[in-house]
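# Notes for the structure review
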Amino acid sequence: MPVRHRTRRVVATLVSVAALSIGWAAEAIPASAVAPAAFDPGSCVTTPSTVVSGVQIADPACEFNGSAYTGPFGPIASAGGQQSRVWTGIASDGAAYRVEVPPQWNGTLVMYAHGFRGNGNVVYVDEPQLRQYFVDHGYAWAASSYAMNGYDPGDGVVDTHDLLKAFPSITGLHAKQAIMTGLSMGGEITTAEIEAYKGDFAGAMPSCGVLAGSNLFNFFLGANVTAAALTKTKIAYPATVAAGTAYTPTYQAAVQSELPALGITPNPATGGQTFTTNLTKTGTLWADTVEQLSGGNRPGFQSALAYWNSFGFAPLTTIPFLFGLYPGLSGGTLGLANGSVAGNEKTFYTFSDDPLRMLPQELALNRAVLRVPVTATSSADALTPAEEPVIKGDPGIPVLSIHGIGDLFVPFSMDQQYARMMVAHGQGGLFVDRAIREVTHCGYTTNELSAGFAALVSWIHTGRRPAGDNILNPAAVASPFFGCQFTDPTPGDHPEFKGAPCPTSH
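Bear in mind the structure is a predicted one, so any value in this text is a computation, not a measurement.

### Comments concerning the sheet that holds strand E3 (residues 56-57)
The strand order E2-E3-E9 describes an open sheet built from three strands, whose pairing is mixed. Two strands in the sheet have a free side with no partner beyond their single neighbour: strand E2 (47-48) and strand E9 (122-123).

Here's what the structure looks like:
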């Protein structure tokens, strides 16, 4: 894990806008003032971080795909043909940033938080999928690379807020209001951000987000321990990252022994790195458990499971995706806390929405399943209060979330859990969820995202809560047409999803 210099804590937690103006403005370059030229990757400068040892910062003035520079980042034209203005730089908190202001700015600033990018040592910033929409409709936006990679939403929260406060010193402009957005891990950053900095945001739109925080690791835990219990396979849960790493080959072999009993077959033509699913009776019980853990009975789940079972999660590419995410291989939180954030001591695993339909079988499963305690009490380092920030569900502002109902990387149940948290805090009326009939992760069309954003903005301005899906009603979720209302009807937009066709009038 990279070693961070202690000085960053002062910058991240105590700095004011005035103090930031020196560190940020010194490297803020209005790219719109630079004449366009033929792109030369050699002109892009990768900068060693002075904040996190071993980290390299990709040039924010260049497009970077995670491994190579592919083009320049510069202004774009609005629908009216006028050019935007953009600024890029490296902040004193160790994060690269991009800021864009449209030619006819309406005074709203959208903060965008990106998702998990693995554990590589190169950090980079990119733009939101709605970039052109924002410029066309008068919204400024800003995005941070964060100071380091890894599953570290706490740093994303701090670095994004640093950028929000530095916007005036970077651009010379002052926003009338800010809206927080983010996808995947950036969705967790979104919900944590609006609670950590109440009063700074008018609303938020997470998408495919880890809205319920560390509960995501409980989903990965449940998918693995139930498969082991149903196939009578003995597995362990190492207590540390080092022990988990050492256990990985043993666990991989254990999963490979489970697959025939579940009905999952490796494809020899790909060296066993792709899989087909034809569930056995035992496999069907496991699938039913995963369905309940990920959101309950709903359309398209069979196609979702087949999709997520068809490939592995690197580096464990010879076992299906969900098995490669077993928290026992990574200390229970990818090493970012001082113990396991995952735990199932009080979890009762089920096969059905009906609590009585298969009770004897469920009791047997719950007696057999491996039980894991939560042992994390604090973050693994002192940079931020918690890499897995506390999310209570009490933001006090409108939140509109978009989530695919077949996503099994960050499952739909994350939104359901967050909705319950908001209801428990008396803020259920401030949450709207829009379900999308797709099975990939964050595979939304621009139309789906822009419709959600427009609805959120209208809600902020008028106070009228927009339409959404009733995600806490099991009967509504189980409807064969669940998700139809807000899914883009364009044919072929979500080809992996297999379910009853939506009514043409939706």
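### Considering unusual backbone geometry
For the bond running from Ala314 to Pro315, omega is 10°, close enough to zero to count as cis. Relative to the assigned elements, Pro315 resides in the loop between helix H9 (301-309) and helix H10 (359-368). Non-glycine residue Ser184 carries a positive phi angle of around 55°. One non-glycine residue with positive phi stands out, namely Lys232, at about 55°. Turning to its location among the elements, Lys232 is positioned in the loop between helix H6 (215-230) and helix H7 (241-262). Given a relative accessible area of 75%, Lys232 falls into the exposed group.

### Digging into the state of the cysteines
For the coordinates displayed, the defined rule picks out three disulfides. Note on cysteine connectivity: Cys44 is disulfide-linked to Cys62, with sulfurs 2.1 Å apart. Judged by the sign of its S-S torsion, about -95°, the bond between Cys44 and Cys62 is left-handed. Here Cys44 is found in the loop between strand E1 (29-30) and E2, whereas its partner Cys62 is found in strand E4 (residues 62-64), with 18 residues between them in sequence. Across the pair, Cys62 and Cys44 agree in class, each one buried. Disulfide pairing is shown between Cys208 and Cys442; the S-S distance is 2.1 Å. Across the disulfide from Cys208 to Cys442, rotation about the S-S bond amounts to roughly 105°, and the bridge is consequently right-handed. Pair noted here: Cys208 is in the loop between strand E12 (203-207) and H6 and Cys442 is in the loop between strand E16 (431-436) and helix H12 (446-462), with a separation of 234 residues, a long-range link. Accessibility classification places Cys208 together with Cys442 in one group, the buried group. Counting only the cysteines that take part in disulfides, in the order they occur along the protein chain, gives the pairing 1-2, 3-4, 5-6.

### Here we look at the pairing of E16
Of all six residues in E16, six are buried; the element is thus mostly enclosed. Burial along E16 is two-sided: Phe431, Asp433 and Ala435 facing one way and Val432, Arg434 and Ile436 facing the other are all buried.

### Looking at the packing of aromatic side chains
Any aromatic ring pair is given by two values, namely how distant the centres are and how the planes are angled relative to each other. Taken as a whole and assessed by the stated rule, the structure comprises 28 aromatic pairs. Relative to Tyr326, the ring of Tyr237 has its centre 5.8 Å away and its plane inclined at 85°; by these criteria the two rings are edge-to-face. Of the two residues, Tyr237 is situated in the loop between H6 and H7 and Tyr326 in the loop between H9 and H10; the sequence distance between them amounts to 89 residues. Each member of the pair, Tyr237 together with Tyr326, is buried.

### Considerations on the nonpolar core
The biggest cluster of nonpolar side chains holds 95 residues, and the ones touching the most others in it are Trp286, Phe323, Tyr326 and Tyr418. A total of 11 residues in this core trace back to one element, the largest contributor, which is H6. With residues up to four places along the chain from it excluded, the contact list for Phe323 reads Asn224, Ala227, Tyr251, Val255, Glu258, Leu259, Leu262, Ile264 and Trp286. Counting residues in each nonpolar core, the second largest holds 37 residues, with Val52, Ala96, Trp141 and Ile402 among its members.

The rules we used
Residues numbered from 1 in each chain as written. Predicted model: local features only at pLDDT ≥ 70, side-chain atom pairs only at ≥ 80, totals over all residues. Heavy atoms only, no water. Pairing = 2+ DSSP bridges. Helix = DSSP H or I, 4+ residues; strand = E, 2+ residues; numbered from the N terminus. Buried < 20%, exposed > 50% of the residue type's maximum accessible area, 1.4 Å probe, protein only. Disulfide = S-S within 2.5 Å. Phe/Tyr/Trp six-rings, centres within 6.5 Å; stacked < 30°, edge-to-face > 60°. Core = buried A, V, L, I, M, F, W, Y, C linked by side-chain atoms within 4.5 Å. Contact = heavy atoms within 4.5 Å.

In short, shape yes, function no, at least from these values alone.
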